[in-house]
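A look at the structure
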Amino acid sequence: MIGSIRRLSIAAGIWPKRWTLCSSAIKRSFQRPRPIQGSSTVLSKYWFSGPLTRTLSTMAQVSSADGSHCTAKQVKLNDENKCVRVTWGDGKEDEYPYVWLRDNCQCPECFVSSSASRAFLMANLDPDVKPKNVQADDDYTVTVTWEDGHNSSFKADWLLYRSFSSEQQHRRLRLYRPEWKHWGANEMQGKIPQFAFGEVMSEDRSLHDFLHTLDVMGLVMLKNTPTMTGQLEKLGKRIAYLRPTNYELVFTVQNKVAPNNLAFTAKRLGLHNDLPFYHHTPEIQLLHCIKQADGMGGSNEFVDGPYVAKQLRDLNPEAYKTLTTTLVDFYDVGEEAYKFNFAYRWPVIALGRDGEPESIFYNDQVRAYQLNIPAEEVYGFYKALKEFHKLMYDPKNIVEVKMEEGDIVCFANKRVLHGRTGYENVKGERHLEGAYFDWDEVRSRVRVLKRDLNIEP
């Protein structure tokens, strides 16, 4: 049973492989990593100097060194709630629904450990299933005997990690996406978290810290990247793979005689998200500065969009409502890697499952010339859009930086809006390369790194 649980946990990215069993608890030491410029506030939760006691599964806290929390001192059936009640060594209690226990039986008949897959079919699950008996074997295993004679055994650690308590659910959900840290100019101007490109490419801990900080802050900078093309492809392979778009896998940002995108000019670019005309808009953007404009201008601007959206909600609820409910048409027509004609509709402010602002879809350059709303709603829409625009450009919200040659700026495309001041070249040409990632691949890589490096979620 231990082996199958361990393989399942590794497959789910939640079992640090180098932990060793000590009683029913796990002990290991975290080494203090090198401080990383601009990111110590984000990464400080990983700075442990001594041993950290843990349960077998990962994040469940252990209340004492002997692991008493993850011993099942008492188990009993609670038919009223249709749950098995477990009393832990520290006196706390958790309840596990009968139907959930039967659905998650770990025996070889119900679970294939080599593929970490449930073999038990929904067709065979009775939502009203009842146990005949439950017992705790040697305090560390809970065995349920069902009315049909089938036995399901669960390690106490396995159950504790999967507790239905709100506290434990919160810990588990951190594996899906860390909590964002919102920012304005005070927090980020001159303080964008920085990482060395060479270290990110060669050291797994640096790669983890870079990607984790990108997820938390939405904006980071890689420094000292070789000033030659092809570096984004190398970074893509280091993480997972780049996201192809109608501008190919990697696109070049240089002035063009007949540009099919405003970015390929020296004109000012207003704050925007890239490619809102996609149904699945790219989620992370990278821009590598190979040659910077040697004249005036050419600075990049960044704004934490959901942070500004919350300000709009407080200052002008009606405008906020308009921008969260009105669908705006975006389009892109032209030829790059191929002939394309994209069109999609989004609200300017898209809410997450918790009802909070999560994504922004704002791009004047590719906002369509038609509005598919009643004529009487147009004025109110523009008023709301203007209010949001003013807040984005409020000095307290906007961060400006002129990239140096060898910088790669990385940002969450649907969270952080970016722009560029107009520029002039005295000699030579400004030359950048750009590419995209999606969060699924990046977060998958982070979970693997946490497991392999024994990093707490």
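Residues numbered from 1 in each chain as written. Predicted model: local features only at pLDDT ≥ 70, side-chain atom pairs only at ≥ 80, totals over all residues. Heavy atoms only, no water.

**Here we look at the pairing of strand E6 (residues 93-97)**
Spelled out, the test is: For the exposure calls, accessible area comes from a 1.4 Å probe over protein chains only, and a residue counts as buried if that area is under 20% of its type's maximum, exposed if over 50%, partly exposed in between. The numbering of helices and of strands both runs from the N terminus, where a helix is a DSSP run of H or I of at least 4 residues and a strand a run of E of at least 2. Two strands qualify as a pair provided DSSP detects at least 2 bridges between them.
Covered by surrounding structure in E6 are Asp 94 and Tyr 96 only, the residues Glu 93, Glu 95 and Pro 97 on the alternate face being uncovered. Inspection of the sheet shows strand E5 (residues 83-88) paired to E6 by five bridges, in the antiparallel sense. In the sheet register, Arg 85 faces E6, and the bridge partner there is Glu 95. Between E5 and E6, which follow one another and run antiparallel, lie four residues, and Gly 91 among them has a positive phi close to 95°.

**Topic: helix H13 (residues 439-453)**
We apply this condition: Expected span of a helix: the number of residues minus one, times 1.5 Å.
The end-to-end C-alpha distance of H13, which contains 15 residues, comes to 20 Å, matching closely the 21 Å that a straight helix rising 1.5 Å per residue would cover. Every buried residue belonging to H13 is among Trp 439, Val 442, Arg 443, Arg 445, Val 446, Leu 449, Lys 450 and Arg 451, and all of these are buried.

**Description of the confidence of the model for the protein**
So the rule is basically this: Each residue carries a pLDDT score, the predictor's confidence in it, ranging from 0 to 100. Here, residues are in contact when the closest pair of their heavy atoms is within 4.5 Å.
In the predicted model, the protein carries a mean pLDDT of 84, and the fraction of residues at 70 or more is 81%. With pLDDT under 50 throughout, residues 1-68 is counted as low confidence; its partners more than four residues away or in other chains account for 181 contacts.

**Let's talk about empty space enclosed by the protein**
Quick note on the threshold: Put simply, the grid is 1 Å and covers the protein atoms alone, a cavity is a trapped set of points that fit a 1.4 Å probe, a pocket is an open set with protein on both sides within 12 Å along at least five of seven lines, and lining residues have an atom within 4 Å of a point. Grid points are joined across faces, edges and corners, and a volume is the space filled by probe spheres set on the points. Here the nonpolar group is Ala, Val, Leu, Ile, Met, Phe, Trp, Tyr, Cys and Pro; Asp, Glu, Lys and Arg are the charged ones; every other residue, Gly included, is treated as polar.
Evaluated as defined, the whole model comprises five cavities of 30 Å³ or more. Roughly 130 Å³ of volume is contained in the largest cavity. As for the largest cavity, its lining consists of eleven residues, of which Arg 174, Pro 178, His 212, Val 446 and Lys 450 are closest to the centre. Put simply, the parts of the chain that give the lining of the largest cavity at least two residues each are helix H8 (204-217) and H13. Per-element tally for the lining of the largest cavity: the top contributor is H13, with four residues. When its residues are assigned to classes, the lining of the largest cavity shows four nonpolar, one polar and six charged.

**Overview of the side chain of His 418**
The condition is simple: Throughout this description, a polar contact denotes any pair of N or O atoms lying within 3.5 Å of each other; where both atoms belong to protein, one of them has to be capable of donating a hydrogen while the other can accept it, and for residues adjacent in sequence the pair is counted only when both atoms sit in side chains.
Along the chain, the position of His 418 falls in strand E24 (residues 416-420). Among the polar contacts made by the side chain of His 418, one reaches the side chain of Asp 274 at a distance of 3.3 Å.

**Side note on the packing of aromatic side chains**
Rules: Classification of ring pairs uses Phe, Tyr and Trp, with its six-membered ring standing for Trp, and accepts pairs whose centres are within 6.5 Å; under 30 degrees between planes counts as stacked, over 60 as edge-to-face, and the remaining range as tilted. Any Lys NZ or Arg CZ that is within 6 Å of a ring centre and within 35 degrees of that ring's normal is treated as a charge sitting over the ring.
Taken as a whole and judged by the stated rule, the model has 19 aromatic pairs. Each ring, one from Phe 277 and one from Tyr 278, has its centre 5.7 Å from the other, and the planes form 35°; the classification is tilted. Taking relative accessible area as the criterion, Tyr 278 reaches 11% and is therefore assigned buried. Among the aromatic residues, ring-to-ring pairing joins Tyr 247, Phe 277, Tyr 278, Tyr 338, Phe 340 and Phe 342 into one connected group. The lysine or arginine in question, Arg 102, covers the ring of Phe 120, its NZ or CZ lying 4.1 Å from the ring centre. Over the face of the ring belonging to Trp 180 we find Arg 415, whose NZ or CZ atom lies 4.7 Å from the ring centre.

**Examining the layout of surface pockets**
By volume, the largest pocket amounts to about 990 Å³. Contributing to the lining of the largest pocket are 29 residues, with Tyr 176, Arg 177, Trp 180, Glu 358 and Arg 443 lying nearest its centre. Elements with a minimum of two residues in the lining of the largest pocket: helix H5 (166-173), strand E20 (349-351), strand E21 (357-360) and H13. The element contributing the most residues to the lining of the largest pocket is H13, with four residues.

**Considerations on the sheet that holds E24**
Heads up, the rule is: All axes here are fitted lines through C-alpha atoms, helices being fitted over the stretch that makes contact, and every angle between N-to-C directions spans 0 to 180 degrees.
Spatial strand order, E15-E24-E17-E22: four strands in an open sheet with antiparallel pairing. Edge positions in the open sheet fall to strand E15 (269-272) and strand E22 (399-401), since each of these has one partner strand only. Strand after strand, the sheet turns through a mean of 15° between neighbouring axes, direction not considered. Direction of pairing for E15 relative to E24: antiparallel, over a ladder of two bridges. Bridge pairing in E24 places Leu 269 opposite Arg 420. On top of the sheet, helix H10 (residues 305-315) reaches strand E17 (300-304) and E24; it is set at about 55° to E17, its chief contact.

**So, the packing of H8 against H13**
Our working definition: Roughly parallel covers angles under 35 degrees, roughly antiparallel covers those over 145, roughly perpendicular covers 65 to 115, and oblique covers all other angles. Should the near helix be turned anticlockwise from the far one by less than a right angle, the crossing is left-handed, and should it be turned clockwise, the crossing is right-handed.
At a minimum axis distance of 10 Å, the contact between H8 and H13 shows a crossing angle of 135°. The orientation of H8 with respect to H13, classified from their angle, is oblique. As H8 runs across H13, the sense of the crossing is left-handed. Between H8 and H13, the residues in contact are Asp 204, Arg 205, Leu 207, His 208, Leu 211, His 212, Leu 214 and Asp 215 and Trp 439, Val 442, Arg 443, Arg 445, Val 446, Leu 449, Lys 450 and Leu 453, respectively. By residue class, the composition of the contact of H8 with H13 is eight nonpolar, two polar and six charged.

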